[in-house]
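As a plain string of letters, each chain reads:
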Amino acid sequence: MQFAPSYVGRPSMTAEEEAYNFLLDAICGGRLRKGDRLIAEDIASEIGMSRMPVREAFRRLDAQGLVTLRPNRGAVVSGLDIDELHEVFEMRSVLEGLAIRVAVARIGERQLAALERLLDEMDDYREESAEWVSRHRAFHEYLCSLSGRPRLLKQISALYSLIEAPMRLWLEHVEKPLSARQEHAVILEAIRTGDADKAEAVVRAHIEGTVPELIQFLQSKK
């Protein structure tokens, strides 16, 4: 298997971080799919490193639920079943709702302008599913980062990693809804009111509203 190693060559990264990001990018990008076997020797050779950092990356991905380690049999990409996908979106809804509730009082015009620019970037990539999903994730993670709660953001980012691959697969086969920009604009409007309850409710409704269509698509692929 050959993947474009977009993370290779960053001098600030350790070998383990490089291997982890390489694999995470391949899984989230859909180039590695559920059930694919991961062979440390092959991946290490492709990236240009020893096997040990790759195996450490496997362990890290296993802890996040993206990879399953099998004793003496290597590792496989885990993926999510429908119940697990439901659970991840439920967790996202609660945690992002909390992040926005905390963030509302900290968001000013400068942060709102940055969020508007991120929405513009999503519009720019409407025809490129992978890039659109990346920009969508960037919007939500930046918004959540404004809460000033790094541990909370870390948990939210881990949940995004679990759903990014199925999201990209879904959006490769369906047209992104024309309402996408408006749904996100409604979040910004709620923030501008300064009403933390309203902002939390809008974000949670937005996240939970994605689930039925995504699951319907995934079930149709079986």
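No experiment lies behind these values; they were computed from the predicted model shown. (Residues numbered from 1 in each chain as written. Predicted model: local features only at pLDDT ≥ 70, side-chain atom pairs only at ≥ 80, totals over all residues. Heavy atoms only, no water.)

> How would you summarise the overall build of the chain if you had to cite specific residues and measurements?
Counting its secondary structure elements, the chain contains nine helices and three strands. Computed over the C-alpha atoms, the radius of gyration of the chain is 18 Å, within 12% of the 17 Å expected from 2.2 N^0.38 for a compact globule of 222 residues. Along the three orthogonal principal directions, the C-alpha set of the chain runs to about 55 × 40 × 30 Å. Relative to its 222 residues, the chain shows a buried fraction of 46%. The long-range share in the chain, meaning contacts at least 24 apart out of those at least 6 apart in sequence, stands at 70%. (Helix = DSSP H or I, 4+ residues; strand = E, 2+ residues; numbered from the N terminus. Rg over C-alpha atoms; globule rule 2.2 N^0.38 Å. Buried < 20%, exposed > 50% of the residue type's maximum accessible area, 1.4 Å probe, protein only. Contact = heavy atoms within 4.5 Å.)

> Break down the UniProt feature "coiled-coil region" (unreviewed entry) in the chain for me, citing the residues and quoting the values.
What UniProt calls "coiled-coil region" (unreviewed entry) maps, in this numbering, to residues 108-135. Between the C-alpha atoms that bound residues 108-135 the distance is 21 Å, and the span itself is 82% helix and 0% strand. (UniProt positions renumbered as here; feature names shortened; annotations may be inferred.)

> Lay out the UniProt feature "domain: HTH gntR-type" (unreviewed entry) in the chain in plain terms, naming residues and giving numbers.
Residues annotated in UniProt with the feature "domain: HTH gntR-type" (unreviewed entry) correspond here to residues 13-80. Counting secondary structure, residues 13-80 comes out at 51% helix and 15% strand; the distance between its end C-alpha atoms is 29 Å.

> Please set out helix H7 (residues 150-173) residue by residue, giving values where relevant.
Helix length check: H7 (24 residues) gives 34 Å between terminal C-alpha atoms against 34 Å at 1.5 Å per residue, within 8%. Taking the largest bend as the criterion, H7 deviates by roughly 40°, centred on Ile 163, and proline Pro 166 comes between one and four positions later. (Expected span 1.5 Å × (residues − 1). Bend = angle between axes of the 7 residues up to and from the residue.)

> Tell me about the sheet that holds strand S3 (residues 74-77), and name the residues and values.
Read across the open sheet, the three strands follow the order S1-S3-S2; overall the sheet is antiparallel. With partners counted over all chains shown, the strands left at the sheet margins are strand S1 (37-38) and strand S2 (67-70), one partner each. Across two bridges, the pairing between S1 and S3 is antiparallel. The residue bridging Leu 38 from the neighbouring strand is Ala 75, located in S3. (Pairing = 2+ DSSP bridges.)

> How would you summarise the packing of aromatic side chains if you had to cite specific residues and measurements?
Applying the stated rule across the entire model yields zero aromatic pairs. Above the face of the Tyr 20 ring, Arg 60 is positioned so that its terminal group lies 3.6 Å from the ring centre. Over the ring of Tyr 125 we find Arg 135, and its NZ or CZ is 4.3 Å from the ring centre. (Phe/Tyr/Trp six-rings, centres within 6.5 Å; stacked < 30°, edge-to-face > 60°. Lys NZ or Arg CZ within 6 Å of the ring centre and 35° of its normal.)

> Outline the side chain of Ser 78, listing residues and values.
Examined against the element boundaries, Ser 78 turns out to sit in the loop between S3 and helix H4 (82-103). Here the side chain of Ser 78 touches Thr 68 through a polar contact of 2.7 Å, side chain to side chain. Dropping the residues within four chain positions of it, Ser 78 is found in contact with Lys 34, Gly 65, Leu 66, Val 67 and Thr 68. (Polar contact = N/O pair within 3.5 Å; in protein donor to acceptor, adjacent residues only side chain to side chain.)

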